[in-house]
Amino acid sequence: MNDSAGVVDPNTPSIARVYDYLLGGKDNYPVDQKIGDHFKVDLPGSVAIAFGNRQALVRGVRDIARSGVKQFIDLGSGLPTADNVHQIAARYTDDAKVVYVDNDPIVLAHGRTLLATDDRTTVVQADVREPEKIRNSAEVRRLIDFDRPVAMVFSAILHHLNDDEDPRGLVSYWCDQIPSGSEVFISHFRSGGNSETEAAEQKLQSTFGRGRWRTDDEIRELFGDLELLEPGIVPAVLWRPDTPGESDTPIKNIGTAERELTVWDQLISAGLARKS
């Protein structure tokens, strides 16, 4: 999330493009690569955060689709990768509808090209901090039926909001919009209480001027009164890990539970909740 959206600025790092670089993508600039290389070189092992989070998102979309939810709003979606929400959902449910939301103009450009022939998936350029604008956008009104269950996806986005930007209120707004049977997926950087995670937090804050790591209790509070589903708030790599033969991710995490977690494995947590 950048505060100045609308024009692609190759001289200012973008959260979406840095994340793309860490995942091995090519839609990034030297300024983004410089930030990514800091994590690769100076904080070895930290790149696993991006992959662990992506794997958890894929499993989350899989399980949401298996539960019968066919509509998804992915807030702060970032650049297209190998497995996107609409592609995963389509494997498990017919007629899935997906709205991607991001305020980075390069995300909009690439997304529209990718989805040019898919009338059940769209991209909205908007700031996640303006939920009413997103809710009332023409594309959301066209594609999403709020009388039917909707999955809200907050994958690695809420930790980029400062406390005074009220991330809890943002989630609450969307929970008020969606009906019973809807589900909410959140992954979020967690306070690690060690030098490695403190260094990672300081680097992102100094680069983008925003964001806060939160404790598991604080992450749980983001869900409000929703019913938190098993296994609760846990490190992303341990959130419903794949069993042999069912992985949808290029890099499987089967067996993660059988090894000791690294400090990086523990840096990002995930959870899924349902609205009663």
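Placed above this text is the structure.
Note that this is a predicted model, so its numbers are computed, not measured.

Caption draft 1: Just the environment of Val128, in detail. Topologically, Val128 is positioned in the loop between strand 3 (121-125) and helix 6 (131-135). As a C-alpha pair, Val128 and Ser195 span 67 residues in sequence and 30 Å in three-dimensional space.

Caption draft 2: Seen up close, the side chain of Arg54. The topology assignment puts Arg54 in helix 3 (residues 48-66). Buried within the structure, Arg54 lacks any salt-bridge partner; its nearest side chain of opposite charge belongs to Asp74, at an N-O separation of 5.9 Å. Once you skip the residues sitting within four places of it in the chain, Arg54 turns out to touch Tyr19, Thr81, Asp83 and Asn84.

Caption draft 3: Focus on the pairing of strand 1 (residues 71-75). In terms of burial, strand 1 is a largely internal element, five of the five residues being buried. Alternating residues of strand 1 divide into Gln71, Ile73 and Leu75 and Phe72 and Asp74, and every residue in both groups is buried.

Caption draft 4: View of the nonpolar core. Core analysis: the largest hydrophobic core is formed by 45 residues, its most contacted members being Val61, Ile64, Phe72, Phe185 and Phe189. Element by element, the count of residues in this core is highest for helix 3, at eight residues. In terms of nonpolar packing, the next biggest core, distinct from the first, is built from 32 residues, Ala126, Ile144, Tyr173 and Leu226 among them.

Caption draft 5: Summary view of the pairing of strand 2 (residues 97-102). For strand 2, a buried count of five out of six residues is recorded, marking the element as mostly surrounded by other parts of the structure. With five bridges connecting them, strand 1 and strand 2 associate as parallel partners. Within the sheet, the bridge partner assigned to Leu75 lies in strand 2 and is Val101. When strand 2 meets strand 3, the two strands line up parallel, connected through five bridges. Each residue of the ladder has a partner; that of Val101, found in strand 3, is Val124.

Conventions used here
Residues numbered from 1 in each chain as written. Predicted model: local features only at pLDDT ≥ 70, side-chain atom pairs only at ≥ 80, totals over all residues. Heavy atoms only, no water. Helix = DSSP H or I, 4+ residues; strand = E, 2+ residues; numbered from the N terminus. Buried < 20%, exposed > 50% of the residue type's maximum accessible area, 1.4 Å probe, protein only. Lys, Arg positive; Asp, Glu negative; His and termini not counted. Salt bridge = Lys/Arg side-chain N within 4 Å of Asp/Glu carboxyl O. Contact = heavy atoms within 4.5 Å. Core = buried A, V, L, I, M, F, W, Y, C linked by side-chain atoms within 4.5 Å. Pairing = 2+ DSSP bridges.

On their own, these measurements won't tell you what the molecule is for.
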